[in-house]
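Chain by chain, the residues run as shown.
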Amino acid sequence: MTETEVWQRLTSVFQDVFEDDEITLSPETTAEAIEDWDSLTNIQLLIAIEKAFPGLQFSTGEVANLENVGDLVSAIIKRVAT
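Here the residue numbering is sequential within each chain, running from 1 through the sequence in written order. This being a predicted model, a pLDDT of at least 70 is required before a residue's local features are given, and a value of 80 or more before pairs of side-chain atoms are given or counted; all residues contribute to the totals for chains, interfaces and linings. Side-chain metrics rest on all non-hydrogen atoms present in the structure, leaving aside hydrogens and water.

Student: Help me out: how do you make sense of the packing of aromatic side chains in this one?
Tutor: Think of a pair of aromatic rings as described by two things: how far the centres are apart, and how the planes are tilted against each other in angle. Working definition: rings of Phe, Tyr and Trp (its six-membered ring) pair if their centres are within 6.5 Å, and the pair is stacked with planes under 30 degrees apart, edge-to-face with planes over 60 apart, and tilted otherwise. Under the definition given, this model contains 3 aromatic pairs. Ring geometry for F14 against W37: centres 5.4 Å apart, planes inclined by 75 degrees, an arrangement best described as edge-to-face. Of this pair, F14 sits in helix α1 (residues 3-17) while W37 sits in the loop between α1 and α2 (39-52), and the two are 23 residues apart along the sequence. Partly exposed residues are those whose accessible area sits between 20% and 50% of the maximum for their type, while under 20% is buried and over 50% is exposed, using a 1.4 Å probe and protein chains only. For F14, a relative accessible area of 0% gives the class buried. Three or more aromatic residues joined by ring pairs make a cluster, and in this case those are F14, F18 and W37. The rule for a charge over a ring is simple: NZ of Lys or CZ of Arg within 6 Å of the ring centre, and within 35 degrees of the ring normal. Taking the ring centre of F53 as reference, the NZ or CZ of R9 above it sits at 5.3 Å. Numbered from the N terminus, helices here are DSSP runs of H or I no shorter than four residues, and strands are runs of E no shorter than two.

Student: Just to check I follow, could you spell out the packing of α1 against helix α4 (residues 69-80) for this structure?
Tutor: Pairs of packed helices are described in terms of their axes, by the angle between the two and the distance that separates them. Axes, fitted as lines to C-alpha atoms, cover a helix only where it is in contact. Angles between the N-to-C directions of the axes lie from 0 to 180 degrees. The geometry of α1 relative to α4 is characterised by a closest axis approach of 10 Å and an angle of 120 degrees between their N-to-C directions. Put simply, α1 runs oblique to α4. For α1 against α4, the interelement crossing comes out right-handed. Here E3, V6, W7, L10 and F14 of α1 come into contact with α4, specifically with V69, L72, V73, I76 and I77. Looking at the contact of α1 with α4, its residues break down into 9 nonpolar, no polar and 1 charged. Here the angle decides the label: under 35 degrees means roughly parallel, over 145 means roughly antiparallel, 65 to 115 means roughly perpendicular, and every other value means oblique. For a crossing to be left-handed, the near helix must be turned anticlockwise from the far one by less than a right angle; the clockwise case is right-handed. The criterion used for residue contact is that any of the two residues' heavy atoms lie within 4.5 Å. Note on residue classes: Ala, Val, Leu, Ile, Met, Phe, Trp, Tyr, Cys and Pro are nonpolar, Asp, Glu, Lys and Arg are charged, and everything else, Gly too, is polar.

Student: Which parts of the structure should I look at to understand α4?
Tutor: Note on helix geometry: an α-helix contains 3.6 residues per turn, so any two residues three or four positions apart are oriented the same way. By this rule the span expected of a helix is its residue count minus one, scaled by 1.5 Å. With 12 residues, α4 ought to run about 16 Å at 1.5 Å a step, and its terminal C-alpha atoms sit 16 Å apart, in line with that. Looking at the buried positions of α4, the neighbouring elements they touch are α1 and α2. The definition of a polar contact used here is a pair of N or O atoms within 3.5 Å, where within protein one atom must be able to donate a hydrogen and the other to accept one, and adjacent residues in sequence count solely through side-chain atom pairs. For α4, the N-terminal capping position is held by N68, with its side-chain oxygen 3.1 Å away from the main-chain nitrogen of G70.

Right under this line is the structure:
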């Protein structure tokens, strides 16, 4: 899976979870940039991401260290892009 494919799939997940087809992601995107991104939707988002990328599971520590969507993409690529 390429980085472009990761971004496309991740964008689709965000749009589904937040029910907003207008969401576009960038490496700098944070929770503050997306309306309704709170602790509950964060959990829903992580579950949806793990379903969208088979075999992917995040530890609590990994999630706590993610500062933005760019960090999230990097973490996904480390595991599934090969």
